[in-house]
Amino acid sequence: MCANYAVNTSVVFQSGFSAQKVPREEAKYPDYLICSHGCKEVIQLVSHVSGEVEFELCAIEALRMAQVLIAAVHGDTEPGDTHD
């Protein structure tokens with residue numbers, strides 16, 4: 001993944017969470033980070049209620065999760081399936 005990123009730049013979701021990308025060294029839960037890719041950055045989901053990091057994953061796994069969520073929105077069983 002590209003190392004060009006803005007540290008602590010947040011994207012806000014209506015669900016009450018924001019997402020921010022931080023250097024791997026700033027991961028709140030580094031021992032629980034599922035990443036065997038050597039990613040240099042971590043995506044954090046931060047609760048608007050508590051202000052705490054609730055979930056972390058590497059950029060590659062974040063993209064995979066996004067694909068799964070998009071597939072679910074479209075009713076696809078696998079990312080990339082189209083039933084329209």
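First, a word on what this report is: a plain description of the structure on this page. These numbers come from a predicted model, not from an experiment.

**Describing the overall build of the chain**
Then step 1. Of regular secondary structure, the chain possesses one helix and four strands.
Then step 2. For the chain, the sequential pattern of α-helices and β-strands runs β-β-β-β-α.
Then step 3. The proportion of buried residues among the 84 residues of the chain is 26%.
Then step 4. Considering only contacts within the chain whose residues lie at least 6 apart along the sequence, 33% involve residues at least 24 apart.
Then step 5. Entry remark: accessible area of the chain is about 6,000 Å², with carbon and sulfur atoms responsible for 57%.

**Examining the state of the cysteines**
Then step 1. Inspection of every chain in the model, using the stated rule, returns zero disulfides.
Then step 2. Of all cysteine sulfurs in the structure, the one in Cys58 sits closest to Cys35, which takes part in no disulfide; the separation is 3.8 Å.
Then step 3. For Cys58, a relative accessible area of 0% corresponds to the buried category.

**A closer look at the pairing of strand β4 (residues 53-58)**
Looking down a regular strand, the side chains alternate between one sheet face and the other.
Then step 1. In this structure, strand β3 (residues 41-47) lies alongside β4, joined through five bridges in antiparallel fashion. Bridge assignment links Ile43 to a residue of β4, and that residue is Leu57.
Then step 2. Count of turn residues in the β3/β4 antiparallel hairpin: five residues, of which Gly51 carries a positive phi of about 75°.

**Topic: the nonpolar core**
One broad trend across soluble globular proteins is that nonpolar side chains are buried collectively.
Then step 1. In terms of nonpolar packing, the biggest core is built from seven residues, these being Val22, Ala27, Leu33, Cys35, Cys39, Val42 and Cys58.
Then step 2. If we skip the residues at most four places from it in the chain, Cys35 touches Arg24 and Cys58.

**With respect to the pairing of strand β2 (residues 17-23)**
Then step 1. With five of its seven residues buried, β2 lies for the most part within the structure.
Then step 2. Pairing analysis gives seven bridges linking β2 to β3, with the strands arranged antiparallel. In the strand pairing of β3, Phe17 is matched with Ser47.

**Regarding the pattern of salt bridges**
Then step 1. This model, assessed by the stated rule, comprises three salt bridges.
Then step 2. The shortest N-O distance in the salt bridge between Lys21 and Glu41 comes to 4.0 Å. Of this pair, Lys21 sits in strand β2 while Glu41 is found in strand β3, placing the two residues 20 residues apart along the sequence.
Then step 3. Residue classification places Glu41 among the buried residues on the basis of a relative accessible area of 4%.
Then step 4. Lys28 serves as the salt-bridge partner of Glu52, at 2.3 Å between the closest nitrogen and oxygen. Remark: Lys28 occurs in the loop between β2 and β3 and Glu52 occurs in the loop between β3 and β4; sequence separation between them is 24 residues.

Rules and cut-offs
Residues numbered from 1 in each chain as written. Predicted model: local features only at pLDDT ≥ 70, side-chain atom pairs only at ≥ 80, totals over all residues. Heavy atoms only, no water. Helix = DSSP H or I, 4+ residues; strand = E, 2+ residues; numbered from the N terminus. Buried < 20%, exposed > 50% of the residue type's maximum accessible area, 1.4 Å probe, protein only. Contact = heavy atoms within 4.5 Å. Areas by Shrake-Rupley, 256 points an atom, 1.4 Å probe, with all protein chains shown as cover. Disulfide = S-S within 2.5 Å. Pairing = 2+ DSSP bridges. Core = buried A, V, L, I, M, F, W, Y, C linked by side-chain atoms within 4.5 Å. Salt bridge = Lys/Arg side-chain N within 4 Å of Asp/Glu carboxyl O.

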